[in-house]
Amino acid sequence: PSRLMKFGAAASWWIASVALFVGIWEFSWYMGWANPMLLPPPHIFTQDLFYVAKMFDKSTRLGNPSTTLVTITVLKTIGASTLRVLIGLAAALVGSLFIGMAIRFSPLFGRLILPVINLLAPVSPIAWLPIAMLIFGLGNAPAIFLVYIALFFIMTLATLNLIDTLPPSYIQVARIMGASRLQIFIQVILPAILPGLFVVLRLNLFAAWMIVLIAESVGIGSGLGLVVIISRNTFNAQLAFFTMAIIGVVGFALDVAFREIQRRVLYWVP
């Protein structure tokens, strides 16, 4: 019952926050402060969802497709972008964790690799876009690569920082008890840095969405980013805001899912 009450309270505040935002937006339209052609309020860009959803794919823009076909097209578009985000984020997490541990466990490896990571970390993911398209062409691979490359260096540096802030007494006690390097990594360091890693992971989830939308908008061939570009090219503000609303809802749902995973994995954290 207490969990249900907490969920209800959180949902109520969430609904109130969204309602306040929508109310201010609608009031601005009512007063004539917002141009409905440039900033259509929610009651305008949601009044003909079937027409807007038809714009998600070329096969449904012409003719009279069924509601089922249009719905499947929208879900496939959302699923393609979400899958690219999750795969790129998971690859970046595993790669950064492995490299971060290797840097701290092997001084020689750290001296050779860390300067390169510090050098490449400030490079914008957009600069990697031509390289991604030359290597992988079109499709899912370049988008996933861009998400990976955008997050890998930052998450590696965050992993190193988490390891460096670990109390030395943890490792000293493990060594006194006869733990090997592998045991120290699995049973001491990893559980100690997991709470911080989850925070880094959730923050980078939003960065991953930004990167994948950019990748999809320049020639990947599908995804929500492509729909945003279509709305720009056709000056269709209704489609643009509808797509933005979808991105916000999907991103929020993924963050809620990550928080639930975090709560279950980090069962020892209050």
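Our next topic: the overall build of the chain. Per the secondary structure count, the chain includes twelve helices and zero strands. When its helices and strands are written in sequence order, the chain yields α-α-α-α-α-α-α-α-α-α-α-α. For the chain, the spread of C-alpha atoms along the three principal axes comes to 70 × 55 × 35 Å. Counting all 270 residues of the chain, 39% fall into the buried class. Restricting the contact set of the chain to residue pairs at least 6 apart, pairs at least 24 apart contribute 67%.

One finds F56, L146, W209, L224 and I246 to be the most contacted residues of the largest nonpolar core, which totals 52 residues. Those elements giving two or more residues to this core turn out to be α3 (49-54), α5 (67-105), α7 (125-136), α8 (140-164), α10 (181-220), α11 (224-233) and α12 (237-265). Examining the composition of this core, we find that twelve residues originate from one element, α8, more than from any other. Every residue in contact with W209, bar those within four places of it in the chain, is listed here: S81, T82, V85, L224, I247, V250, G251 and L254. Residues M101, L162, I184 and V188 belong to the second largest nonpolar core, which totals eleven residues.

The next point concerns the packing of α5 against helix α6 (residues 107-120). The axes of two packed helices give the description: the angle between them and the distance between them. The contact between α5 and α6 brings their axes to 6 Å, and the two run at 130°. Here α5 is positioned oblique relative to α6, judged by the angle of their axes. Taking contact as the criterion, the partners of I99, A102, I103 and F105 in α5 are, on α6, P107, F109, G110, I113, L114 and I117. Across the contact of α5 with α6, the residue classes break down as nine nonpolar, one polar and no charged.

All right, on to unusual backbone geometry then. Here F235, not a glycine, exhibits a phi torsion of approximately 55°, which is positive. Structurally, the position occupied by F235 is in the loop between α11 and α12.

The rules behind the values
- Residues numbered from 1 in each chain as written.
- Predicted model: local features only at pLDDT ≥ 70, side-chain atom pairs only at ≥ 80, totals over all residues.
- Heavy atoms only, no water.
- Helix = DSSP H or I, 4+ residues; strand = E, 2+ residues; numbered from the N terminus.
- Buried < 20%, exposed > 50% of the residue type's maximum accessible area, 1.4 Å probe, protein only.
- Contact = heavy atoms within 4.5 Å.
- Core = buried A, V, L, I, M, F, W, Y, C linked by side-chain atoms within 4.5 Å.
- Axes fitted to C-alpha atoms, helices over the stretch in contact; angles between N-to-C directions.
- Parallel < 35°, antiparallel > 145°, perpendicular 65-115°, else oblique.
- Nonpolar A, V, L, I, M, F, W, Y, C, P; charged D, E, K, R; others polar.

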